[in-house]
Amino acid sequence: MASRPTLLIDRLPEIATAASLLAIMEKLRRGPCSVKLEASRVTSLGASGVEALLVLTKTQRDRGDSLVLEAASEPFLASLAQFGVPPDALSSPATEATP
């Protein structure tokens, strides 16, 4: 498998709305890349944000790219738990892309 560039998302606490998160994700979805999601400074995450992250995870998985959740804050993890989403649901190991 060819090496893919890695993008580190470390601005999640600055994202006020899911629409802002979706704009960032749209850039990531344009081409193959591995994503590291650094969530140590996240203070809250709403339903639309959780949904957007799940969509990104599925996109990465379907494309064969990785998504790694690193250093998640307690509020981030609590938000996921509130919506019944285990933290490992936001991980996708790199594999060969599905046709």
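We now turn to the structure provided with this report. What you see as residue numbers is a count from 1 along each chain, following the sequence as written. pLDDT decides what is reported in this predicted model: residues at 70 or higher carry local features, side-chain atom pairs at 80 or more are listed and counted, and totals for whole chains, interfaces and linings draw on all residues regardless. Based on all heavy atoms of the structure, the side-chain values leave hydrogens and waters out of the count.

The next point concerns helix 3 (residues 74–82). Think of it in three bands: residues with accessible area under 20% of the maximum for their type are buried, residues over 50% are exposed, and the middle band is partly exposed, with areas taken using a 1.4 Å probe on protein chains only. Here a strand is any run of E in DSSP of at least two residues, a helix any run of H or I of at least four, and the numbering for each starts at the N terminus. Along helix 3, the positions that sit buried rather than exposed are Phe-76, Ser-79 and Leu-80. Along the long axis of helix 3, the arc covered by the buried residues comes to 100°, so they all point the same way. Exposed residues lying more than 90 degrees from the buried face of helix 3 are Glu-74, Ala-81 and Gln-82. Two residues qualify as a contact provided that any one of their heavy atoms is within 4.5 Å of a heavy atom in the partner residue. For helix 3, the elements touching its buried residues are strand 2 (34–38), helix 2 (47–63) and strand 3 (67–70). With a side-chain oxygen positioned 3.1 Å from the backbone nitrogen of Phe-76, the residue opening helix 3 is Ser-73. Just beyond helix 3, the residue with positive phi is Gly-84, at close to 70°. Picture the helix axis, draw a direction to every C-beta atom, and the arc is the one those directions span. Counted as a polar contact is a pair of N or O atoms within 3.5 Å, where, for protein atoms, one must be capable of donating a hydrogen and the other of accepting one, and residues adjacent in sequence contribute only when both atoms are in side chains.

What follows deals with the side chain of Ser-79. Within the element layout of this structure, Ser-79 appears in helix 3. When near neighbours in sequence (up to four residues on either side) are disregarded, Ser-79 contacts Ser-44 and Leu-45.

Bringing the nonpolar core into the picture now. Leu-37, Ala-39, Val-42, Leu-45, Val-50, Leu-53, Leu-69, Phe-76, Leu-80, Val-85 and Leu-90 form the largest nonpolar core, which has eleven residues in total. If you list the elements that add at least two residues to this core, you get helix 2 and helix 3. Leu-69 has contacts with Leu-37, Ala-39, Phe-76, Pro-87, Leu-90 and Ser-91, leaving out every residue within four places of it along the chain. Throughout, nonpolar core names a set of buried Ala, Val, Leu, Ile, Met, Phe, Trp, Tyr and Cys residues whose side chains join them through atoms within 4.5 Å.

The subject of this paragraph is unusual backbone geometry. A positive phi is found at Ala-71, a non-glycine position, where the angle reads about 50°. For Ala-71, a relative accessible area of 48% puts it in the partly exposed group.

Just geometry here; none of it tells us what the structure is for.
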